[in-house]
Amino acid sequence: MPWRVEPEWSPESWKQRIAAQQVLYPDRLAVDTAVEKLRSLPPLVTSGEVEKLKSLIADAQEGHRFLLQGGDCAEALADCRADVIASKLKILLQMSLVLVHGLRKPVIRVGRFAGQYAKPRSSLTETRDGLTLPSYFGDLVNRVDFEAEARKPDPHLMVRGYQHAAMTLNFIRSLIDGGFADLHHPEYWDLRFMEHASLPESLRAEYQTMTRQLSEALRFMELLGEKSVDDLTRVEFFTSHEGLNLLYESAQTRRVPRREGFYNLTTHLPWVGERTRSLTGAHVEYFRGIRNPIGVKIGAKTTPADLVALLDVLNPWDEPGRIVLIHRMGASGIAQALPPLLRAVRDAAPAPSAVSEPGRGRPAQGRRVLWVCDPMHGNSLTTADGIKTRDFSQMIEEIEQAFDLHRQAGTILGGVHFELTGEDVTECIGGAGGIREADLTTNYASPCDPRLNYHQALEMAFVIARKMGNGIA
Ligand code: PEP
Ligand code: CO
């Protein structure tokens, strides 16, 4: 296929460009040692899995599948524990079940895990009580404790991050192979928390009906026998993280026997963040050359011209399944910011090197993208006490608006992206659990952005199923 050619690109060609958010390591020699070590280690994922995900995303671009992406804002090395990993899988699985049933579409499950260790920050430094230290850039770079030694960028953390990603993924694969998602484990399919008293009565009744129908459908599947249960519960999880630390990413970017081009084999779906997606910057240079499907975060200030120019560079062949555009505009910004972008992508001139595809032909106009809504990053709030939080109702509002705006533009909202955890944290306000501002300090564990807790995440899936499905009937 002609789209496999990447002119004048190498896994290290990004070094010729300016990298936003790049880490200044004090010890260059230690960086080289860490990168060499990373290069020598076996990959975390295979090119076959990466290509499989790309083909699923291509289906989702046509409206035949829906993408659910979720996990921590910043994954912590210390959270590489059986209980934490299992509960993250459980919530994603339960959400996907609600979505499959509500949307009547297969769901592609993508975790923000097994490598989500690097964080962009709006400020290079942090000051507390008169002391200024480097900001915390994620466990791949430095440590969260507010001490000079902990905040010093340490290249060996790239190797530690990689090892922890490997252990995380190993456990995830074992859980799945071992029947984690099997229907005979009823605890994974129990969605009864919706009986919680703080839901409005009408909504509670509706969610109870949804839950009952879902359970009946599952029981029915079970009655049909092992084969159909296997089909229903043959669960695949893919991994994703922000491709921020390009030393880490490029050290594991390699050619694969019998395939063309280079693959980033640290993850299936790396994404480029809102702060690093400059057209001329190092990150876009790196991303344009890899064969993985890639996510691109876009905020409310993105212009239509910039977005189309970005697509020209990142997907000149208009390859199906290649681009996931994750809009994160905020409930108050989306109505103004999103429609011009939807129209621009929908009506763009064909990509510079767009090719005909068997059975599809050459597109007359427009670009192939999967539109995904991230209702987290445009809705950050700081309380009077200085706590970073988000309001559940604003997230819902953004998703509902996104759905309507896509429908009006004739485009498809094909997925959602959340910061969430399977734990019982108190980081976001609202939802059926009734978390108030005063509750935030009860169990606030995230070192970066606030995450939906288990109940809020599951409720979110119900809300989406209700809005985007035709009701669960
Ligand atoms: C994130 O997803 O944690 C993040 C930093 O997002 P964005 O690039 O959209 O701000
Ligand atoms: Co975040």
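As the structure is a computational prediction, the values presented were derived from the model and not from experiment.

Rules and cut-offs
- Numbering of residues begins from 1 in every chain and follows the order in which that chain's sequence is written.
- To label them, take the chains in the order written and letter them from A, then take the ligands in the order written and number them from 1.
- In keeping with the predicted nature of the model, local features appear solely for residues at pLDDT of at least 70, side-chain atom pairs appear and are counted solely at 80 or more, and the whole-chain, interface and lining totals rest on all residues.
- Water and hydrogen atoms were dropped before computing side-chain values, which therefore reflect all heavy atoms in the structure.
- Under the scheme used here, helices are H or I runs from DSSP no shorter than 4 residues and strands are E runs no shorter than 2 residues, and both carry numbers assigned from the N terminus.
- One fewer than the residue count of a helix, multiplied by 1.5 Å, yields its expected span.
- When a residue's accessible area, from a 1.4 Å probe over protein chains only, is under 20% of the maximum for its type it is buried; when over 50% it is exposed; and in between it is partly exposed.
- What the arc covers is the set of directions going from the helix axis to the C-beta atoms.
- Contact between two residues is taken to exist if any of their heavy atoms lie within 4.5 Å; hydrogens are not considered.
- In protein, a polar contact requires one atom able to donate a hydrogen and another able to accept it; more generally it is a pair of N or O atoms within 3.5 Å, and residues adjacent in sequence count only if both atoms are side-chain atoms.
- Summary of the distance rule: residues count as near a molecule or strand when at least one heavy atom falls within 4 Å of that molecule or strand.
- The method behind every accessible area is Shrake-Rupley, applied with a 1.4 Å probe, and residues are considered shielded solely by the protein chains displayed.
- Classification convention: Asp, Glu, Lys, Arg as charged; Ala, Val, Leu, Ile, Met, Phe, Trp, Tyr, Cys, Pro as nonpolar; all other residues, Gly among them, as polar.
- By nonpolar core is meant a set of buried Ala, Val, Leu, Ile, Met, Phe, Trp, Tyr and Cys residues that side-chain atoms within 4.5 Å join together.
- Planes of paired rings set the category: under 30 degrees apart is stacked, over 60 is edge-to-face and the rest tilted, where pairs are Phe, Tyr or Trp rings (Trp by its six-membered ring) whose centres lie within 6.5 Å.
- A ring is scored as having a charge over it whenever the NZ atom of a lysine or the CZ atom of an arginine sits within 6 Å of its centre and within 35 degrees of its normal.

> Which residues make up helix 1 (residues 28–40), and what values go with them?
Think of an α-helix as 3.6 residues a turn; residues three or four steps apart then line up on the same face. For helix 1, spanning 13 residues, the distance from its first C-alpha to its last is 19 Å, which sits close to the expected 18 Å at 1.5 Å a residue. Along helix 1, the positions that sit buried rather than exposed are Val31, Ala34, Val35 and Leu38. With its buried residues spanning 95° around the axis, helix 1 presents them on a single face. Looking at helix 1, the residues exposed on the side facing more than 90 degrees away from the buried face are Leu29, Thr33 and Ser40. In this structure, the buried residues of helix 1 make contact with helix 5 (156–177), helix 8 (246–251) and strand 6 (253–255). By the N-cap criterion, in which a side-chain oxygen at the helix start approaches the backbone nitrogen of a residue two or three places on, helix 1 is capped by Asp27, the distance to Leu29 being 3.2 Å.

> Report on the site of ligand 1, specifying residues and quantitative values.
Around ligand 1, 13 residues are found, and the nearest of them are Arg112, Lys119, Glu274, Lys297 and Arg328. In this structure, an oxygen atom belonging to ligand 1 sits 3.0 Å away from a side-chain N or O atom of His377. With respect to ligand 1, the side chain of Glu419 contributes an N or O atom lying 3.0 Å from an oxygen atom. Summarising the interface, the protein chains cover 99% of the accessible area of ligand 1, which totals 300 Å² for the free molecule. A class-by-class count of the residues in the shell around ligand 1 yields three nonpolar, two polar and eight charged.

> Lay out the nonpolar core in plain terms, naming residues and giving numbers.
Buried together is how nonpolar side chains tend to be arranged in soluble globular proteins. Among the nonpolar cores identified, the biggest contains 111 residues, and Met158, Leu325, Trp371, Phe418, Leu452 and Met460 are the most heavily contacted of them. Top contributing element to this core by residue count: helix 3 (residues 82–103), with eleven residues. Discounting residues that sit within four places of it in the chain, Leu452 has contacts with Met376, Phe392, Met395, Phe418, Glu419, Leu420, Thr421, Cys428, Ala457 and Met460. The next biggest cluster of nonpolar side chains, apart from the first, holds 13 residues, and it includes Leu53, Leu67, Ile326 and Leu370.

> How would you sum up the packing of aromatic side chains? Please name residues and give values.
In the structure shown here, the tally under the stated rule is five aromatic pairs. Each ring, one from Phe113 and one from Phe237, has its centre 6.4 Å from the other, and the planes form 45°; the classification is tilted. With a gap of 124 residues between them, Phe113 in the loop between strand 2 (107–112) and strand 3 (125–128) and Phe237 in strand 5 (residues 237–242) connect regions that are remote in the sequence. We classify Phe113 as buried; its relative accessible area is 1%. Ring geometry for Tyr286 against Phe287: centres 5.5 Å apart, planes inclined by 85°, an arrangement best described as edge-to-face. On the accessibility criterion, Tyr286 (0% relative accessible area) is buried. Ring-pair connections join several aromatic residues into one group, and the members of that group are Trp9, Phe262, Tyr286 and Phe287. The residue whose ring lies beneath Arg109 is Phe237, and the NZ or CZ to ring-centre distance is 6.0 Å.

> Can you tell me about the side chain of Asp439, naming the residues and giving the values?
As for its position among the elements, Asp439 is in the loop between strand 14 (413–419) and helix 13 (454–468). Reaching out from Asp439, the side chain makes a polar contact with the backbone nitrogen of Arg436 at a distance of 2.7 Å. In contact with Asp439, other than residues within four places in its own chain, are Thr426 and Gly434.

That is the geometry; function is a separate question.
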